[in-house]
Amino acid sequence: MSERVESAEVALMTEIASLYYVEGETQEAIANRLGISRVKAGRLLKRAHAEGIVDVRVRQHPAVSAEIEQALIRRFGIKRALIALDHTDPDVQRSGVASLVADHLSRELHDGSIVAVGMGRNVGSVADNVFEQGERKCSFVCAIGGSLRAGEYMNPDHICRRLAMKYGGDSETLYAPALVQNPALRDSMYENPTVRQTLDRARRADIAMIGVGDLSEDSNMVRMGWFTPQEIAEARLSGTVGDMMGYDFIDMHGRPSETPMQGRVIGLTITDLARIPDVVAIASENTKAAGILGALRTGVIDTLATSVTNAHTILRLDEATTTTAS
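Quick caveat: nothing in here was measured; it's all calculated off a predicted structure.

Cut-offs and rules
Residues numbered from 1 in each chain as written. Predicted model: local features only at pLDDT ≥ 70, side-chain atom pairs only at ≥ 80, totals over all residues. Heavy atoms only, no water. Axes fitted to C-alpha atoms, helices over the stretch in contact; angles between N-to-C directions. Helix = DSSP H or I, 4+ residues; strand = E, 2+ residues; numbered from the N terminus. Parallel < 35°, antiparallel > 145°, perpendicular 65-115°, else oblique. Contact = heavy atoms within 4.5 Å. Left-handed = near helix turned anticlockwise from the far one by under 90°. Nonpolar A, V, L, I, M, F, W, Y, C, P; charged D, E, K, R; others polar. Core = buried A, V, L, I, M, F, W, Y, C linked by side-chain atoms within 4.5 Å. Buried < 20%, exposed > 50% of the residue type's maximum accessible area, 1.4 Å probe, protein only. Salt bridge = Lys/Arg side-chain N within 4 Å of Asp/Glu carboxyl O.

**With respect to the packing of helix 2 (residues 27-34) against helix 3 (residues 38-50)**
Running from N to C, helix 2 and helix 3 cross one another at 110°; their axes reach a closest spacing of 8 Å. Comparing their axes, helix 3 and helix 2 come out roughly perpendicular. Here Gln27, Glu28 and Ala31 of helix 2 come into contact with helix 3, specifically with Arg38, Ala41, Gly42 and Leu45.

**Remarks on the packing of helix 5 (residues 90-108) against helix 6 (residues 121-128)**
Where helix 5 meets helix 6, the closest approach of the two axes is 8 Å, and the angle between their N-to-C directions is 60°. Considering the angle they form, helix 5 stands oblique to helix 6. For helix 5 against helix 6, the interelement crossing comes out right-handed. From helix 5, Arg94, Ser95, Ala98, Val101, Ala102 and Leu105 reach across to helix 6, where they touch Arg121, Asn122, Ser125 and Val126. Class assignment for the residues of the contact of helix 5 with helix 6 results in five nonpolar, three polar and two charged.

**Section: the nonpolar core**
Soluble globular proteins tend to bury their nonpolar side chains together. Core analysis: the biggest nonpolar cluster contains 74 residues, and Leu72, Leu105, Phe140, Leu163 and Met209 have the highest contact counts within it. Top element by residues in this core is helix 5. It accounts for six residues. If we ignore the near neighbours within four places in the chain, the residues touching Leu72 are Gly77, Ile78, Ala81, Ile83, Leu304, Ala311, Ile314 and Leu315. Judged by nonpolar contacts, the second largest core, of eleven residues, contains Leu19, Ala31, Ala41 and Ala48.

**Some thoughts on the side chain of Arg136**
In this fold, Arg136 is placed in the loop between helix 6 and strand 3 (139-142). Here Arg136 is in contact with Ser106, Leu109, His110, Asp111, Tyr167, Gly168 and Gly169, once residues within four sequence places are set aside.

**Structural notes on helix 14 (residues 289-297)**
In terms of residue burial, helix 14 counts as a mostly covered element, since seven of its nine residues are buried. Taken together, the buried positions of helix 14 are Ala289, Gly291, Ile292, Leu293, Gly294, Ala295 and Leu296. Phi turns positive, to about 85°, at Gly299, one or two residues after helix 14.

**Examining the environment of Thr269**
Its place among the elements puts Thr269 in the loop between strand 7 (247-251) and helix 13 (270-273). For Thr269, a relative accessible area of 23% translates into the label partly exposed. Separated by 66 residues in the primary sequence, Thr269 and Arg203 have C-alpha atoms spaced 9.5 Å apart.

**Quick notes on the pattern of salt bridges**
Enumeration according to the criterion identifies 17 salt bridges in this entry. Linking Asp272 and Arg275 is a salt bridge whose minimum nitrogen-to-oxygen distance equals 3.6 Å. Relative accessible area serves as the criterion here: at 60%, Arg275 is assigned to the exposed category. Salt bridges sharing partners connect three or more residues here, namely Asp91, Arg94, Glu285 and Lys288.

Right, dumping it as structure tokens:
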């Protein structure tokens, strides 16, 4: 197909999508107006979806969403909650949560903003869901080291680059491994001038985007070979319910958990995150409710992005464990 023909089809798809979604025309009316068959109009409308010309997002009714959000804000003292509709497909669910974070990011970013970026599928999905591309002189800085086993999609440096491309900003890589053998080696790496410089810049961030991990045998940490299923099982027995961005393992009450896995990841700590004005915790999977609750109880989360089911589960779990504790 020549460039001219392809351009004409893109223009036609855009016009059909505009008439259908903006003007409210039926496919039959559009076909008659443009002198094409109804079948072709429908086919081009589907293609417009596939090629990203159309971005349809189904959102929860504001009244229902506001009720859940306000309950979370009151209960945990966070600034905001971004709650996505439930979906049985985990990829669609992740995209739904990530799109809310992308919208939040687009609203909050301005020239000079610094965003500290974590690792994982949920954080990586945010870069895929940025559709409002405005030129901003902002910086995306890795808040954790990298891992070969994580692959490009989940590694923070690649996520930073994708975000920088979308917003026209710049990115900064943390030249260090995400995981080392022991806390002593980690402390030594912190003294490296290159590592220290990047982490110092990440500490000055206006926004931090982090994932919340669960302690399952299918977690990213196990898949990447960071920890064995046995280590994960032992951590669970000791009361560990999750982690924040791959380190700082926590129990149900948001306290540091006693596990040998602690203190081996190079990146920002909970203490560092507490100084960042807007820490956005992103978790779409329904297996992470306990981990999210622990993260909320640390007091460092400002914005929670998750699903409706997780939101309800977290509120019930908080009530049950608070009653038990008292």
